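# Commentary on secondary and tertiary structure
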Amino acid sequence: MSLLERAEKSLSYHFDQLVSPQTPPRLAAAMRHAVFSSGARVRPQLCTAVALACGDDAPGLSDAMGSAIELMHCASLVHDDMPAFDNADTRRGQPTVHKAFGEPLALLTGDALIVLAYQVLAHAGAAQPQRLAALIRNLSAGVGVPSGIVAGQAWECEVRADLSEYQRAKTGALFVAATCGGAMAAGADPQPWMALGNYLGEAYQVADDIRDVMGHAQALGKPVGQDALHGRPSVAQSLGLAGAVVYFQGLMDKAVDGIPACGARDLLSQVVRRESERLVPTSMCEAVGQPYPHLRAANALVSRSAQPSGNAVA
Ligand code: IPE
Ligand code: IPE
Ligand code: MG
Ligand code: MG
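What you see is a predicted model, and the numbers here were worked out from it, not measured in a lab. (Residues numbered from 1 in each chain as written. Chains lettered and ligands numbered in written order. Predicted model: local features only at pLDDT ≥ 70, side-chain atom pairs only at ≥ 80, totals over all residues.)

### Describing the overall build of the chain
Counted only if it meets this: A run of DSSP states H or I qualifies as a helix once it reaches four residues; a run of E qualifies as a strand once it reaches two. Both are numbered from the N-terminal end. In this description, any two residues whose backbone-derived C-beta atoms lie within 7 Å of each other are considered to be in contact.
Within the chain, the secondary structure is distributed over 16 helices and two strands. Summarising the internal contacts of the chain: among those between residues at least 6 apart in sequence, 74% fall at separations of at least 24.

### Points about the site of ligand 1
Heads up, the rule is: The criterion for a residue being near a molecule or strand is simple: its C-beta atom, placed using the backbone, must lie within 6 Å of it. Throughout, the ten residues Ala, Val, Leu, Ile, Met, Phe, Trp, Tyr, Cys and Pro are labelled nonpolar, Asp, Glu, Lys and Arg are labelled charged, and all others, Gly among them, are labelled polar.
Around ligand 1, the neighbouring residues are Gly 39, Ala 40, Val 42, His 73, Arg 92, Thr 171, Tyr 204, Gln 205 and Asp 208. With three residues, helix H10 (residues 194-214) is the single largest residue contributor to the shell around ligand 1. Considered class by class, the residues forming the shell around ligand 1 number three nonpolar, four polar and two charged.

### Remarks on the environment of Leu 135
With respect to the helices and strands, the residue Leu 135 is situated in helix H7 (residues 129-143). Once the C-alpha coordinates of Leu 135 and His 98 are considered, the two residues, 37 residues apart in sequence, prove to be 31 Å apart. Other than its neighbours up to four places away in sequence, Leu 135 contacts Met 65, Leu 121, Gly 125, Gly 181, Met 184 and Ala 185.

### Some remarks on the packing of helix H1 (residues 3-18) against helix H4 (residues 59-81)
Rules: To define axes, lines are fitted to C-alpha atoms, for helices over the stretch in contact only, and angles between the resulting N-to-C directions are given on a 0 to 180 degree scale. Here the word oblique covers every angle except those under 35 degrees (roughly parallel), over 145 (roughly antiparallel) and from 65 to 115 (roughly perpendicular).
For the pair H1 and H4, the least separation of the axes is 9 Å and the interaxial angle reads 80°. With respect to their mutual orientation, H1 and H4 come out roughly perpendicular. Of the residues in H4, those in contact with Arg 6, Ala 7, Ser 10, Leu 11 and His 14 of H1 are Asp 63, Ala 64, Gly 66, Ser 67 and Glu 70. A breakdown of the residues in the contact of H1 with H4 according to their chemical character gives three nonpolar, four polar and three charged.

### Some remarks on the site of ligand 2
Near ligand 2 lie 13 residues; those nearest to it are Ser 76, Asp 80, Asp 86, Ile 149 and Lys 170. Listing elements by their share of the shell around ligand 2, those giving two or more residues are H4, helix H8 (149-154), helix H9 (163-185) and H10. When grouped by side-chain class, the residues that make up the shell around ligand 2 number two nonpolar, five polar and six charged.

### Regarding unusual backbone geometry
Of the consecutive residues Val 145 and Pro 146, the connecting peptide bond is found in the cis state with omega at 10°. Non-glycine residue Arg 41 carries a positive phi angle of around 60°.

### So, H1
Defined as follows: A helix is expected to span 1.5 Å for every residue after the first. Around each residue's C-beta, the other C-beta atoms within 10 Å are counted; 20 or more make the residue buried, 12 or fewer make it exposed, and counts in between make it partly exposed. All C-beta atoms are placed from the backbone. To obtain the arc, one takes the directions from the helix axis to the C-beta atoms.
Between its terminal C-alpha atoms H1 stretches 23 Å, which fits the 22 Å expected from 16 residues at 1.5 Å a residue. Considered for burial, the residues of H1 that qualify are Arg 6, Ala 7, Ser 10, Leu 11 and His 14. When H1 is viewed along its axis, its buried side chains cluster within an angular range of 125° and face the same direction. Those residues of H1 that are exposed and aimed more than 90 degrees away from the buried face are Glu 5 and Asp 16. Packing partners of the buried residues in H1 comprise helix H2 (25-35), helix H3 (42-53), H4 and helix H6 (103-125).

### Quick look at the environment of Cys 157
Mapped onto the elements of the fold, Cys 157 is located in the loop between H8 and H9. Considering only alpha carbons, one finds Cys 157 and Phe 85, 72 residues apart in sequence, at a separation of 10.0 Å.

### Notes on helix H13 (residues 235-257)
The criterion, for reference: Note that bend, as reported per residue, equals the angle between axes fitted to the 7 residues terminating at that residue and the 7 residues originating from it.
Given a rise of 1.5 Å per residue, 23 residues ought to cover 33 Å, yet the end C-alpha atoms of H13 are separated by just 22 Å, more than 12% below that figure. Most pronounced at Leu 241, the bend in H13 amounts to some 100°.

### What about the packing of H6 against H7?
Rules: Put simply, a crossing is left-handed when the front helix is turned counterclockwise from the back one by less than a right angle, and right-handed when it is turned clockwise.
Two numbers describe how H6 lies on H7: the axes approach to 9 Å, and their chain directions differ by 165°. On the basis of the axis angle, H6 is roughly antiparallel to H7. Classified by chirality, the crossing of H7 by H6 is right-handed. Facing Ala 117, Leu 121 and Gly 125 of H6, the residues of H7 in contact are Pro 129, Arg 131, Leu 132, Leu 135, Ile 136 and Leu 139. For the contact of H6 with H7, the class distribution of residues is seven nonpolar, one polar and one charged.

### With respect to the confidence of the model for the chain
Note the cut-off: The predictor attaches a confidence to each residue, called pLDDT, with possible values from 0 through 100.
When pLDDT is averaged along the chain, the result is 91, and 92% of the positions lie at 70 or above. Here residues 292-314 is modelled with pLDDT under 50, and outside its nearest four sequence neighbours on either side it reaches 48 contacts, counting other chains as well.

Written as structure tokens, this is what we have:
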């Protein structure tokens, strides 16, 4: 079974187990709409890949960890799209949850998916209780404060913020939770897997910033031009497109370098390289005309903190 098939199967299994027919029907439909759409499922696949690299001696638990992470991600997208945040009409090629079901149900869908993530872990963790507390801590770190998704989104409400810290919290932290969670679910030390999650997660948000400028709404399944529209500075804005592409490539190189020595190193490197091409294809790099320029200068620029305008993040 492919990593993607494993991720989908686990999500369906846990969703059907826990979202019972007693659930208010429109809420259940909205939750289904949010989860079972054309998401790339990158985070659960990453979690499973790391679990496999660590022996995957409890596949039910690593699947549950991957599903919990994807459910948190789906919840964050539902809330991110709402009028109070990015006010987006489409996500994954379909109407956003608040467009399809209204704002009250969108708010509750996000809430329910966050709780569902913990229900999934509690459900599967009953067979491995000695690993459960650490998995819950790991998931919470990727989502809450001080530096998970919630913190990342909250930096948008501050007058001043560091771009790199904002990106790491908003997106990177859940990737770290995915790599570390995969290791922990397999009973392995998560520490060696932090670098991969960190670099890949930051690269992912940088790619999102680039695609927000260079991508097409139809292909991405969500609106583009949002960062400029909402005055949210992005790496594409702070470094320019060519600089952002260089920065992205540097982060992907670091992600590959960060894969610990293990039997699955070559396979994981291939997965990262393939993901890199999917996110920012060679044609995009060529379009900005500078495939391998001055990485160090770009790195120095992006970590510089500056005074933003409005509620922008610098
Ligand atoms: C989109 O994440 C939001 C970001 C954090 C960049 P993905 O690009 O993984 O979105 P889906 O899950 O495939 O829809
Ligand atoms: C979304 O960030 C990341 C979340 C934590 C939800 P963005 O607002 O930049 O991502 P898209 O472009 O809507 O997917
Ligand atoms: Mg946003
Ligand atoms: Mg958004």
